[in-house]
Amino acid sequence: MTMKKSLLTAILILSGLSMYAADITVISNAFTSGSATSLAASMDAEIDFALQGKAQKMTAAEAVTQLSGFFGANKPAGFTVAHNADKKESGFLVGKLATDKGEFRVNITYIVKDNKIIIQSIRIE
């Protein structure tokens, strides 16, 4: 009986934690396929965008254009999430983007509103 209670308690705790975990699938899929346009709906009106050392604040449309250009010059071959963390209404992920020109580190910060990720920053190094 004690083991059953312990197992049930563990399941309830993990279930509660997963309620706060944001679904980063849209981000992962976009970087895997090289589809910047699929991220447009997940971007805030203005985001901080950094590409290989050059950082600037830009609109979501400008960020999609920059990211599309990057994907055009560096064809994605795979994307893995190395680390992801959420805290109530915000989170970040660190990933590795494999391309035909080499590997890049990707850092993304976001907030969560109405169970939807809103990207605040993208950094590709």
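Above this text is the structure in question.
Residues numbered from 1 in each chain as written. Predicted model: local features only at pLDDT ≥ 70, side-chain atom pairs only at ≥ 80, totals over all residues. Heavy atoms only, no water.

### A word on the overall build of the protein chain
Scanning the protein chain for helices and strands turns up 3 helices and 6 strands. When the 125 residues of the protein chain are sorted by exposure, 34% land in the buried category. Here the analysis covers contacts within the protein chain between residues at least 6 apart in sequence; of these, 43% occur between residues at least 24 apart. If you sum the accessible surface of the protein chain, you get close to 7600 Å²; carbon and sulfur atoms cover 57% of it. (Helix = DSSP H or I, 4+ residues; strand = E, 2+ residues; numbered from the N terminus. Buried < 20%, exposed > 50% of the residue type's maximum accessible area, 1.4 Å probe, protein only. Contact = heavy atoms within 4.5 Å. Areas by Shrake-Rupley, 256 points an atom, 1.4 Å probe, with all protein chains shown as cover.)

### Quick notes on the pairing of strand E4 (residues 90-99)
Where strand E3 (residues 76-87) meets E4, 10 bridges bridge the pair, whose relative direction is antiparallel. Bridging across to E4, Gly78 finds its partner in Ala98. Hairpin connection between E3 and E4: a loop of 2 residues separates the two successive antiparallel strands, and Lys88 in this loop has a positive phi of roughly 45°. In this structure, E4 lies alongside strand E5 (residues 102-113), joined through 10 bridges in antiparallel fashion. Among the inter-strand pairings, Leu93 is bridged to a residue of E5, identified as Ile108. Between E4 and E5, which pair antiparallel one after the other, the connecting turn spans 2 residues. (Pairing = 2+ DSSP bridges.)

### Regarding the nonpolar core
Judged by nonpolar contacts, the single largest core of 30 residues is most densely connected at Phe31, Met43, Leu67, Ile108, Ile122 and Ile124. Secondary-structure elements contributing two or more residues to this core are helix H2 (25-33), strand E1 (43-51), helix H3 (60-73), E4, E5 and strand E6 (116-124). Element by element, the count of residues in this core is highest for H3, at 6 residues. (Core = buried A, V, L, I, M, F, W, Y, C linked by side-chain atoms within 4.5 Å.)

### Remarks on H2
Those residues of H2 lying buried are Ile27, Ser28, Ala30 and Phe31. An end-on view of H2 places all buried positions within 165° of arc, on one side of the element. Elements in contact with the buried residues of H2: H3, E3, E4, E5 and E6. Where H2 ends, the next residue or the one after it, Gly34, has phi of about 75°, a positive value. (Arc of directions from axis to C-beta.)

Honestly, it's all geometry; don't read function into it.
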